[in-house]
Number of protein chains: 2
Amino acid sequence: MPSAKVELFETDLQESAVFFKALGHPARLMILQFLAETNSCFTGDISSILPLGRTTVNQHLDELKKSGLVQGHISGIKTNYCLNPDKIDDLKSVMENIIGVINNFKNSNCC
Amino acid sequence: MPSAKVELFETDLQESAVFFKALGHPARLMILQFLAETNSCFTGDISSILPLGRTTVNQHLDELKKSGLVQGHISGIKTNYCLNPDKIDDLKSVMENIIGVINNFKNSNCC
DNA sequence: AATATTTGACGTACTTTTACGTCGAATTTA
DNA sequence: TAAATTCGACGTAAAAGTACGTCAAATATT
């Protein structure tokens, strides 16, 4: 009976995990990179660069939206996807933090 | 019929995604931090700092082992878990790479 | 030597993820 | 205006993830 034990962890940790989970699929990494490089961001544009069906890509976009890293503005019938600068900043901080932890480790010896 | 489409992506991207997937749970983030800070690394030690059962923690350790970030040396009956310095370095590179992509984005305007 | 503790392995149940097909509405093209 | 295209929404089915209980073996304690 697996219930959401995730809530038992500290909020910081939870949010970091949400970010990394969002990045935990190659399709979503590609989407992120694409959105960072271009500013055109309709579903069709994005799915055409991925080896996946359009609906699947849509689902990955939803996943990214849930993490907050990506925003979707509704523009007529289409949804216009783009990165959320604030959350992207947060992601950067989280990564820099992890890199710090890693660097500390490098000084000591592994078992 | 969802088959492993992950293979359709470039190897680099796949490996990055594997790392992030491994970090995509607060328990695994805590384990990683713990292993970076201390060098004692038996299951009992680790599960005692987490709000999860021992067997669940073991499962998360397996997940981390599958990503390569964590190694498990068998020492008698116990398994001695520790970080894999090479993979940790890889993770660092991947993160620095993403930070680079993010920084480029910051210069342009979102939609 | 008997008991208690600890460990990894296995099984189980429920949830989430992944991937896609199909649908009707809206939009563009002919 | 008719046909084609494109979109988001919904449904579905398989796979993976999450969480734990239990077990037998090994180890430590009494």
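Quantities reported herein were computed from a predicted structural model and do not represent experimental measurements.

1. Brief notes about the protein's contact with DNA strand D
Near DNA strand D there are 24 residues, and of these K5, T43 and R54 of chain A together with R28 and T56 of chain B occur at the shortest range. Backbone sugar and phosphate groups make up 53% of those atoms of DNA strand D lying within 4 Å of the protein. Taking T79 of chain A, its main chain carries an N or O atom lying 3.2 Å from a phosphate oxygen of DNA strand D. A distance of 2.9 Å separates a base nitrogen of DNA strand D from a polar side-chain atom of Q59 of chain B. Elements with a contribution of two residues or more to the surface near DNA strand D: α3 (43–48), α4 (54–67) and β2 (78–83) of chain A together with α4 (54–67) of chain B. Tallying contributions element by element places α4 of chain B first for the surface near DNA strand D, with five residues. In the surface near DNA strand D, the residues fall into six nonpolar, twelve polar and six charged.

2. Some words on the environment of S47 of chain A
Residue and element names in this part refer to chain A. Within the secondary structure, S47 sits in helix α3. The spatial distance from the C-alpha of S47 to the C-alpha of N58 is 8.1 Å, given a sequence separation of eleven residues. With sequence-adjacent residues up to four places away left out, S47 is seen in contact with L52, R54 and V57. Engagement of the side chain of S47 in a polar contact is seen with the backbone oxygen of G44, the distance being 3.3 Å.

3. Description of α4 of chain A
Residue and element names in this part refer to chain A. For α4, with 14 residues, the first-to-last C-alpha span of 20 Å sits near the 20 Å given by 1.5 Å per residue. Listed as buried for α4 are V57, H60, L61, L64 and S67. Down the axis, α4 shows its buried residues gathered within 115° of arc, on one side only. Away from its buried face, by an angle of more than 90 degrees, α4 presents the exposed residues T55, Q59 and K66. Looking one or two places after α4, you find G68, whose phi comes out positive at around 90°.

Procedures and definitions
Residues numbered from 1 in each chain as written. Chains lettered and ligands numbered in written order. Predicted model: local features only at pLDDT ≥ 70, side-chain atom pairs only at ≥ 80, totals over all residues. Heavy atoms only, no water. Near = heavy atom within 4 Å. Polar contact = N/O pair within 3.5 Å; in protein donor to acceptor, adjacent residues only side chain to side chain. Helix = DSSP H or I, 4+ residues; strand = E, 2+ residues; numbered from the N terminus. Nonpolar A, V, L, I, M, F, W, Y, C, P; charged D, E, K, R; others polar. Contact = heavy atoms within 4.5 Å. Expected span 1.5 Å × (residues − 1). Buried < 20%, exposed > 50% of the residue type's maximum accessible area, 1.4 Å probe, protein only. Arc of directions from axis to C-beta.

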